[in-house]
Amino acid sequence: MKCTQYLSVLLLLLLLPVLTWSQQKIMLHQNWEFQQKGASLFYPATVPGTVHQDLKHAGVIEELYFENNEKQYQWIEEKDWIYQTNFELDAASLAKDQQDLVFEGLDTYANIYLNDQLIGEANNMFRTWRIPVKQHLKLGENNLRIVFRSPLTENKARVENAPYTLPAGCETVPLKVSPYTRKAAYHFGWDWGPRVVSCGIWKAVYLETWDKARIKHFWGNTVALDQAKASINLSLELEKSPNYQGKLSIRIDDKKYELTTLQNEKPQSFLVEVLQPKLWWPHTHGEPNLQAFKLQLFAENQLLDEQTLRMGIRQIELIHEKDSVGTAFYFKVNGQAIFMKGANYIPQDLLIPNVKPAQYKRLIEQSVAANMNMLRVWGGGIYEQDLFYELCDEKGILVWQDFMFAGSMYPNDTSFLANVKAEIADNIKRLRHHPCIAVWCGNNEMDVAWHNWGWQKQYQYSPSDSSEIWQNYLQLFHTIIPEAIKTLDPMRAYTSTSPLSNWGTAENFNHASMHYWGVWHGREPFKNFNTNVGRFMVEYGFQSFPAMASLKKVMHDSSLHLNSIAMKNRQKSYIGNGLITKHIERNFRPANSFADFVELSQKTQALGMKIAIQAHRKTRPHCMGTLFWQLNDCWPGPSWSVIDYEGNPKLAYQTVKENFQPVIAVMDTSQQSFKIHLISDAIVSFQGKLVLKVKSSDKTVIEKSYPIYLPQHGQKVFSLKRLNKKLATLSRDNLEYQIQVFNQKKELIFKDQMQY
Ligand code: BMA
């Protein structure tokens, strides 16, 4: 047989089981066109996509992020947009018992018409819409049309007739619809990105045809674990066609189970054992091993559907309890307490379908390379795409997953709550099989904001308004969401909000999760990072500018200075560039050009991050986690990110990477005497050498080398009494301290320097 013949036979064999399946997905990503409602012309459209991307391709608008273009394209959010396509259906597909039209994501208010019949109405960007459409389909050509309505016109009356104004994140226009709209909060503007209220079919759309039954969900939990074996609860949820009365059976790997009773929506569980299990670990503590389980669904001997679960055998706990200091807050993976190192993640673009799989891959790889073991998916963005979590599973990055509520208060009418409940269930069901997810978190900063940001006064709430808004909060974050988790994902921890403790007082740093914004919003100096260390730092940070190369792509040369209108507009934080300038001058020197300013802004940010991370790590076990704000950008502008929109690491990326590595040495001059803290997060003991040099006006005055040994997860403080005596004899004005840590192979693994 010739090689090509052999390959085609092989291909046929591979395809055979697929061809015998009953279930079939017909992707509907072709032939789309779009128009502004009321216009005469249709233009070609890309699906998945957004109206902004399509307008750009049609030549109606120019590059959204160039200069101030975002400002002139605000009209797009006020219009309604029509999308349509025609698709062919053959007799075999039509003959199937069930036909579901599935939209994995519609942004946001949309009427869906199939062959001119209204078949569904969407009102939540975060939900999946599955619509049985058998009676509306026909042989041959079918027309699918979606009319997107503006979230502004949709909610105008609600906002205007509401008894009180709801705080609305960083929304930039007077008519604040974001609390009423289940759409990513950052689309309405945030302090690191412009307002871009787009719409469109932002995720996959397909027709799923099936007979008899299909697999809806398949997931697993490690219920017991020791070295010899893991007990795993595999659960599945099926959907049965009302027209099928026969028997169903499943096969999990090679074991067959008859399904006697089957109720839609009711999961069934099967206990399996894995001997000598290979556990899933965050990559900093072992291998992120994944184990596949194959589920096949049969009616008699006919294979109906098949799914493979990539399970991580692991246990994870959030320890959130009173202790001698206050309230502990840390994670244990497979029984081991782990110090979390990582960052807050925001969506990688305002137009999410623009983000290519390669960009997801690069960002997760950059996180791994920077020694991070946890990312927080922040509540003002989106529940991320499947690929994000698949990569985190594979690469061993834990995920702190917020629900999508941020810096606002939300309405509480029946239809809003029903919508939110469905969103929560959809996303828990979609994501619960990922071993990377460590914790569900109710929201970003709502509790601290309500109690500390003066909203009651600012919005002139009466006592009864306040009490109603707070009751609504409690209902959603202390009842509805935790109950959903208890039913749908009971083995995963829930924390109602981040942070649980506000940075206002020293005592608060003894309790649970913390966002420390004294540096930046509180305009405090960097040295305050040293003393403001909570039990688990979920946010802190400092802004810098993206690389000149990234700015040049979106700005005229003539705009490349701090006072140009376009550059001023790029800064979205109310504090502005003045604070960056102040810290540059305080820590370095005045910038002598814009390029110099960009570079110094990055150096300054790097210095701030170093001080903060070192302070957090040396305070272990008081502090058990450090997630800085923020990993990445959604557009090319100044922000707290360490990786810019183009994927270029800023200087702080390297600093973070160095200071997140397992073994570091931290110089401490906070007291009169000089000390060095040695900290190891390594899973094995560490042996090596510490070299300390003290220079005075560039001359080495002290050089010392110390053998070092740290047990697994060990830490040690070198008090250096003799050295301090010698230091006392020197003038401290021009002293520079340098340290280097070498491993047993004599490789340099950490270095740092500081001026006294
Ligand atoms: C945090 C975040 C964001 C914000 C950042 C910087 O609190 O939750 O809301 O972008 O601060 O201000």
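Residues numbered from 1 in each chain as written. Predicted model: local features only at pLDDT ≥ 70, side-chain atom pairs only at ≥ 80, totals over all residues. Heavy atoms only, no water.

A. Highlighting the sheet that holds strand β13 (residues 213-225). Pairing within the open sheet is antiparallel, and its 3 strands lie in the order β13-β14-β17. Edge positions in the sheet fall to β13 and β17 (268-275), since each of these pairs with one other strand and no more. Direction aside, the axes of adjacent strands within the sheet are offset by 25° on average. With 11 bridges connecting them, β13 and strand β14 (residues 229-240) associate as antiparallel partners. The residue bridging W219 from the neighbouring strand is S235, located in β14. (Pairing = 2+ DSSP bridges. Helix = DSSP H or I, 4+ residues; strand = E, 2+ residues; numbered from the N terminus. Axes fitted to C-alpha atoms, helices over the stretch in contact; angles between N-to-C directions.)

B. Highlighting the sheet that holds strand β36 (residues 735-743). One open sheet holds the 4 strands; their spatial order is β34-β33-β36-β37, and the pairing between them is antiparallel. Two strands lie at the open edges of the sheet, namely β34 (699-710) and β37 (748-755), each paired on one side alone. Between one strand and the next, the sheet's axes are offset by a mean angle of 15°, whatever the strand orientation. As judged from the 7 bridges shared by β36 and β37, these two strands associate in the antiparallel manner. Bridge assignment links Q740 to a residue of β37, and that residue is K751.

C. Summary view of the packing of helix α16 (residues 594-618) against helix α17 (residues 651-659). Across the interface, α16 lies against α17 with an axial gap of 8 Å and an inter-helix angle of 20°. It follows from the interaxial angle that α16 and α17 lie roughly parallel. The handedness of the crossing between α16 and α17 comes out as right-handed. On α17, the residues that touch E599, Q602, K603, Q605, A606, M609, K610, I613, Q614 and R617 of α16 are L651, A652, T655, V656 and N659. Taken together, the residues that form the contact of α16 with α17 break down as 6 nonpolar, 5 polar and 4 charged. (Parallel < 35°, antiparallel > 145°, perpendicular 65-115°, else oblique. Left-handed = near helix turned anticlockwise from the far one by under 90°. Contact = heavy atoms within 4.5 Å. Nonpolar A, V, L, I, M, F, W, Y, C, P; charged D, E, K, R; others polar.)

D. Highlighting the side chain of N528. Within the secondary structure, N528 sits in helix α12 (residues 528-531). Relative accessible area serves as the criterion here: at 17%, N528 is assigned to the buried category. (Buried < 20%, exposed > 50% of the residue type's maximum accessible area, 1.4 Å probe, protein only.)

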